[in-house]
Amino acid sequence: MKIANYNGRASLIIDGRVVDLERVSRGHFGPDTQALYERFDELRVAVTSFDVSSSQELDITKLWSPVPAPRQVFAIGLNYHGHAAESGATLPSIPATFTKFPSSLSGPNDPIPCQGPTVDWEIELVVVMGKAARHVPASRAWDFVAGLAVGQDISERTMQFAAGSQFSLGKSCEGFGPIGPWLVTPDEVADKDNLELTCWVNGDRVQNDRTSDMVFSVSALIEELSKVTTLWPGDVIFTGTPAGVGVTSHPPRFLAVGDVVRSEIEGIGVMTNTVIPAL
Ligand code: ZN
């Protein structure tokens, strides 16, 4: 199942076409995409009985964030062996967790405001929770996941490191969290722990790796985070970025107005975000 936020309305993507969820469910589900995650098991069952013949053509410019207003947004630093190595960092023994403020989240077509001279890209697999999770062992963790999306953990590096080890501010400028193009349930991807991620800037391939390089797998992250706090339906986890970010390039490279960031994850999709002047 693919869930989209199409022009602000909860929708399904079926065979490349758009099905409005409120209409097809005759009002059983509303138009609020975020609210779907509170009833995700119910949706999984109900979707099998919908008559989806009244679909409409997909215009990708009308795709908004499939998870527009989560309660909590977790992000994990140094979670790929390759990225930890290029950063000169030792591997963390527990997930290096920080937050992105929910107000930083944006959609798959939204611009990235250039909020400083050292704005950087980080393609990431985004996990969205489908039910409340507390003390969940890794062996059961995927059962709590609604789905996966492509994410960019955009970072203003100077701001990120200006306050010691507290990353959240430099990761949370408006527009610093594009997610999209839709949410794909784990059963739809071939190998959910081994997905190829690729990021291009103006056509240059800057990041390319597989999620199997993660230090803490998706399952391990859910186990570790749910030991500390409840993960609520619709909560977001940015699961870390592979090698190839701008700050560790030689010489360092950062985003400038007009740059185009293209992000793709195997089995999920592609999103394109253009850098615009600071807000
Ligand atoms: Zn990141």
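These numbers come from a predicted model, not from an experiment. Residue indices begin from 1 for each chain and proceed along its sequence in written order. Given that the model is predicted, a residue must reach a pLDDT of at least 70 before its local features are reported, and side-chain atom pairs must reach 80 or more before they are shown or counted; all residues, however, enter totals for whole chains, interfaces and linings. Think of the side-chain values as coming from all heavy atoms in the structure, minus any hydrogens and water.

A.B. asks: Looking at this model, I keep getting lost on the overall build of the protein. Mind explaining?
C.D. replies: Helix and strand assignments come from DSSP, with helices taken as H or I runs of at least 4 residues and strands as E runs of at least 2, each series counted from the N terminus. Helix and strand counts for the protein stand at 6 helices and 19 strands. Radius of gyration (C-alpha) of the protein: 18 Å, near the 19 Å computed for a compact globule of 279 residues. We call a residue buried when its accessible area falls under 20% of the maximum for its residue type, exposed when it is over 50%, and partly exposed in between, using a 1.4 Å probe and counting protein chains only. Within the protein, buried positions represent 52% of all 279 residues. Within the protein, contacts between residues separated by at least 24 positions form 75% of all contacts whose residues are at least 6 apart in sequence. Accessible surface computed for the protein: about 11,400 Å², of which carbon and sulfur atoms make up 53%. Atoms counted for the radius of gyration: C-alpha only. Globule rule: 2.2 Å times residue count to the power 0.38. Every residue pair with non-hydrogen atoms within 4.5 Å of one another is taken to be in contact. For accessible areas, the Shrake-Rupley method is used with a probe of radius 1.4 Å. Any residue's cover is judged against the shown protein chains and nothing else.

A.B. asks: Just to check I follow, could you spell out the packing of aromatic side chains for this structure?
C.D. replies: What describes a pair of aromatic rings is the distance from one ring centre to the other and the angle between the planes of the rings. For Phe, Tyr and Trp, where Trp contributes only its six-membered ring, two rings pair if their centres lie within 6.5 Å, and the inter-plane angle classes them as stacked under 30 degrees, edge-to-face over 60, or tilted in between. Per the stated rule, a full pass over the model turns up 3 aromatic pairs. Judged by centre distance (5.8 Å) and plane angle (25°), the ring pair of Tyr37 and Phe40 falls under stacked. Centroid distance Phe98 to Phe167: 5.5 Å. Interplanar angle 65°. Geometry classified as edge-to-face. Highlighted residues: Phe98 in strand β7 (residues 96–99) and Phe167 in the loop between α5 (157–162) and β14 (177–184), separated in sequence by 69 residues. We classify Phe98 as buried; its relative accessible area is 8%. By relative accessible area, Phe167 is classed as partly exposed at 21%. Grouping aromatic residues by their ring pairs yields a cluster made of Phe98, Phe161 and Phe167. Lys100 extends its terminal NZ or CZ atom over the ring of Phe238, reaching a point 5.5 Å from the ring centre. Two conditions define a charge sitting above a ring: the NZ of Lys or the CZ of Arg must be within 6 Å of the ring centre, and it must be within 35 degrees of the ring normal. Above the ring of Trp200, the side-chain terminus of Arg262 is found at 4.8 Å from the ring centroid.

A.B. asks: So what exactly am I meant to see when it comes to the pairing of strand β18 (residues 260–265) here?
C.D. replies: Strand residues, when the strand is regular, have side chains that alternate between the two faces of the sheet. Taking every second residue as pointing to the same face, the buried face of β18 carries Val261, Ser263 and Ile265, while none of Val260, Arg262 and Glu264 on the other face is buried. Of the strand pairs in this sheet, strand β15 (residues 196–201) and β18 are connected by 5 bridges, and their pairing is antiparallel. When the bridges of β18 are listed, Leu197 appears paired with Ile265. Inspection of the sheet shows β18 paired to strand β19 (residues 269–277) by 6 bridges, in the antiparallel sense. Directly across from Val261, in β19, lies its bridge partner Asn273. Between β18 and β19, which pair antiparallel one after the other, the connecting turn spans 3 residues, and Gly267 there sits at a positive phi close to 80°. Two strands are said to pair when DSSP picks up at least two bridges between them.

A.B. asks: In this structure, what is going on with the nonpolar core? I would like to understand it.
C.D. replies: Across soluble globular proteins, nonpolar side chains have a tendency to be buried as a group. Of all hydrophobic cores here, the largest spans 50 residues; its most connected members are Ile222, Ile237 and Ile268. At 5 residues, the largest contribution of residues to this core is made by helix α6 (residues 218–228). Excluding residues that lie within four positions of it along the chain, Ile222 makes contacts with Met129, Val136, Ala141, Val145, Leu231 and Ile237. What is meant by a nonpolar core is a set of buried Ala, Val, Leu, Ile, Met, Phe, Trp, Tyr and Cys residues, joined one to another through side-chain atoms within 4.5 Å. Counting 27 residues, the second largest nonpolar core, distinct from the first, contains Val19, Leu21, Tyr37 and Leu43.

A.B. asks: Is there a simple way to think about unusual backbone geometry in this case?
C.D. replies: The general pattern is negative phi for most residues beyond glycine and trans for most peptide bonds. The peptide bond linking Gly180 to Pro181 adopts the cis configuration, its omega dihedral lying at -10°. The residue Pro181 is located in strand β14 in this model. With omega at -5°, the peptide bond leading from His250 into Pro251 counts as cis. With respect to the helices and strands, the residue Pro251 is situated in the loop between β17 (236–238) and β18. Phi at Arg26 is positive, roughly 55°, even though this residue is not glycine. When you line up the elements, Arg26 lands in the loop between α1 (21–24) and α2 (33–36).

A.B. asks: In this structure, what is going on with the pairing of strand β6 (residues 73–77)? I would like to understand it.
C.D. replies: With 5 of 5 residues buried, β6 is to be regarded as a mostly interior element. The side-chain alternation of β6 yields two buried faces, one formed by Val73, Ala75 and Gly77 and the other by Phe74 and Ile76. Judged from the 3 bridges that link them, β6 and β17 form a sheet pairing that is parallel. Within β17, the residue paired with Val73 across the bridge is Val236. Here 4 bridges tie β6 to β7, and the two strands are oriented antiparallel to one another.

The values are spatial; any link to function lies outside them.
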